[in-house]
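# Descriptive analysis of the structure
Take a look at the letters that make up each chain.
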Amino acid sequence: MIDLRLVQKTPELLAKALADRHSSQDVAVFHQLDETRRRLLGEVEALKSQRNAASTEVARLKRAGESAEHMMEELGKLSARIKELDVATEDAKLAVESWLMQTPNIPDVSVPVGRDETENPEVVRWGKGRDFDFSVREHWEIGSALGGFDFERASRLTGSRFVVMLGWAARLERALVNFFLNAHMEEGYQEIAPPYMVNRATMTGTGQLPKFEEDLFKLEGWDYFLIPTAEVPLTNMHAGEVLDEQDLPRGYCAATPCFRSEAGAYGKDTKGLIRQHQFIKVEMVRFAHPDDSFTQLENMRRHAESLLERLELPYRTIVLCTGDMGFSSAKTYDVEVWLPGQNTYREISSCSNCTDFQARRANIRFRSGSAKPAFLHTLNGSGLPTGRTMAAVLENYQQKDGSVRIPKVLVPYMGGQEVIEP
RNA sequence: GGAGAGGUAGCGAAGUUGGCCGUAACGCGCUCGACUCGAAAUCGAGUUAUCGGUUUGUCCCGAUACGUGGGUUCGAAUCCCACCCUCUCCGCCA
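Only a predicted model underlies this, so the values are computations on that prediction, with no experimental measurement involved.

### Looking at the pattern of salt bridges
Using the criterion set out here, one finds 27 salt bridges in the structure. Arg316 is the salt-bridge partner of Glu336, the closest N and O atoms lying 2.7 Å from each other. One end of the pair, Glu336, is in strand β11 (residues 331–339); the other, Arg316, is in strand β10 (residues 315–319), with 20 residues separating them in the sequence. Accessibility expressed as a relative area gives 10% for Glu336, which makes it buried. Look at Arg316 and you get partly exposed, because its relative accessible area is 22%.

What follows is the structure, given as structure tokens:
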């Protein structure tokens, strides 16, 4: 959520941000709603002030043993009027709040203005795809041929966009989780095992709700949702808390299943591991001082990139332009891994600085000395999803005979196995 | 699922015959000061947030907030209803 005062005092700043994002939110609508809210609030508060004074007088008269009947009748009418106005004021307040909740974060000044994903500038390019002397295959062909993926059984067990992994594939996934988590622990992240279902308030804190409910899986009969990413429980770990400045920056990481309805993605990436309803992802979350958060974003991006470097997978990194950014983010880097089977780079990590947008929603603050608590900044980044990483490993490490080499750094995690053979 | 207890400031904890009890007793913590070479101990003072008006100066005025949401009443921390959460015991269970 953006700051109410910021909208009130520098509406032109927000108007520009919304235009750059191609958002349909209209600042003029906000002004109307807020003006109504303030007018009603002023009216009802004046009446309440009257009532409070009169009620005190009633109490005084009664203590003195005098009659207060004449006042009480008048006050009854006043209270009825207050009740009506209270409802109207509450409605006006909710309207303003709802507008704010539907409004995306303001892009950082360093974010390039652009229309969509075609205007995201590249900032890093690392490594180079191998030259293959045979026709490369896509990861689902390779994985299926090696007996590791079974998409048919998964669709029988559940439906489309699921996979059953067998043998080496299941183990490779476990190897990746351990490799990633160990790497993050070395960087100072604390490993967390959070709940995979969270309540509505938690989903609202990170910005998935109220706007994106159709993207989530909701539990029948409960107001609980399956997490679409560990960012949700990790960022909300400190919801409602005041952290000590000395505890910043603080980092958490977790490997969890992620559940996404992928509404609106019909027909996109229907094959393979790229777009599933359920996938495992290791997530990094940081809580940072506002003066330090953009430095922390660079650190986080480097963490994600270094994982690919250690896996010896070529990648590039782009900055998302204003038109392509996520709702809660002020600046986002996407790291894209090279998939030779698809002859393209595909997103494998997204690292975002959400500034105080989530902190304000979830009420996460920090205190320095005796100063008033202030909202801190939250960041999150993938590090990394196992499915897309496996796709990249299979496609980049495939060999002519149909076997796949295991990246050196993963061999110890695979019990010494160096090659997956048919 | 059953029975009981509870939810009040950063923390602990008073307050339940409805009305000078919410800048909320008392204690801890924190801030400033005194004492001290310095510190501890001790003593003194201070320390809620949000919204609105006014200012854009943390001054002043007003409103709201005692788990959440309703209700009764001129007036609710206090009475009534529903729900959420925590703790203890029992039952069931991976």
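### Quick word on the packing of aromatic side chains
Within a pair of aromatic rings, the relevant descriptors are the distance that separates the centres and the angle that separates the planes. Counted under the stated rule, the structure contains 11 aromatic pairs. Summarising the aromatic geometry, the rings of Phe212 and Phe327 are spaced 5.4 Å apart at their centres and angled 75° between planes, so their arrangement reads as edge-to-face. Separated by 115 residues along the polypeptide, Phe212 in the loop between α8 (200–206) and β6 (224–226) and Phe327 in the loop between β10 and β11 bring together distant segments of the chain. With 5.5 Å between their ring centres and 85° between their planes, Phe327 and Phe357 make a pair best called edge-to-face. Placement of the pair is Phe327 in the loop between β10 and β11 and Phe357 in helix α11 (residues 357–362), with a sequence separation of 30 residues. Taken as a pair, Phe327 and Phe357 share a single burial class, namely buried.

### Here we look at the protein's contact with RNA strand B
Neighbouring residues of RNA strand B: 22 residues in total, closest Arg37, Glu45, Asn52, Met72 and Ser79. Of all RNA strand B atoms lying within 4 Å of any protein atom, the proportion belonging to sugar or phosphate reaches 66%. Here a phosphate oxygen of RNA strand B and a side-chain polar atom of Asn52 are 3.0 Å apart. For the surface near RNA strand B, the secondary structure elements donating two or more residues are α1 (4–9), α3 (27–63) and α4 (69–101). In terms of residue count, α3 provides more of the surface near RNA strand B than any other element does, 13 residues in total. The class makeup of the residues in the surface near RNA strand B is 5 nonpolar, 6 polar and 11 charged.

### Quick look at the domain arrangement of chain A
Frequently, the measure chosen for interface size is the accessible area that the parts lose on association. What the domain assignment lists for chain A is domain 1 (4–101) and domain 2 (117–420). Between the C-alpha centres of domain 1 and domain 2 there is a distance of 44 Å. With 4 residues of domain 1 in contact, the opposing surface of domain 2 contributes 9 residues. Summing both partners gives a buried area of about 580 Å² for domain 1 against domain 2, and 48% of it is carried by carbon and sulfur. Area buried by domain 1 at its contact with domain 2 is led by Asp20, Arg21 and Met101, which between them contribute 89% of it. If you look at where domain 1 meets domain 2, you find 0 salt bridges. Per-class residue counts for the side of domain 1 that touches domain 2 are 1 nonpolar, 1 polar and 2 charged.

### Focus on unusual backbone geometry
The peptide bond linking Leu209 to Pro210 adopts the cis configuration, its omega dihedral lying at 5°. With an omega of -5°, the peptide bond between Leu248 and Pro249 qualifies as cis. Among the structural elements, Pro249 can be located in the loop between β7 (242–244) and β8 (250–259). For Glu312, which is not a glycine, the phi torsion comes out positive at approximately 55°. With respect to the element layout, Glu312 can be found in the loop between α10 (293–310) and β10. Glu312 sits in the partly exposed class, given a relative accessible area of 43%.

Quick notes on the rules
Residue positions are given per chain, counted from 1 along the sequence in the order it is written. Chain labels run from A onward and ligand labels from 1 onward, assigned in the order the entries are written. Where totals are concerned, whole chains, interfaces and linings use all residues; where local detail is concerned, this predicted model gives features only for residues with pLDDT of at least 70, and gives and counts side-chain atom pairs only at 80 or more. Side-chain calculation: all heavy atoms of the structure are included, whereas hydrogens and water are not. In the sections that follow, a salt bridge refers to a side-chain nitrogen of Lys or Arg positioned within 4 Å of a carboxyl oxygen of Asp or Glu. Helix and strand definitions here come from DSSP, where helices need a minimum of 4 consecutive H or I residues and strands a minimum of 2 consecutive E residues; each element is numbered from the N-terminal end. Each residue is assigned to one of three classes by its accessible area relative to the maximum for its type, calculated with a 1.4 Å probe on protein chains only: buried under 20%, partly exposed between the two thresholds, exposed over 50%. We call Phe, Tyr and Trp rings a pair once their centres come within 6.5 Å, taking the six-membered ring for Trp, and we label the pair stacked below 30 degrees between planes, edge-to-face above 60, and tilted otherwise. Put simply, a residue is near a molecule or strand once any heavy atom of it comes within 4 Å of that molecule or strand. Within 3.5 Å is the distance limit for a polar contact, defined as a pair of N or O atoms, with the added protein rule that one can donate a hydrogen and the other accept it, and that residues adjacent in sequence qualify only through two side-chain atoms. Under the grouping applied here, Gly and all other residues not named as nonpolar or charged are polar, the nonpolar ones being Ala, Val, Leu, Ile, Met, Phe, Trp, Tyr, Cys and Pro and the charged ones Asp, Glu, Lys and Arg. Domains are outlined according to an automatic or database domain assignment. Residue contacts follow a heavy-atom distance rule, with two residues in contact if any of their heavy atoms lie within 4.5 Å. Buried area is calculated as the accessible area (1.4 Å probe) missing from two parts once they are joined, with the contributions of both summed.

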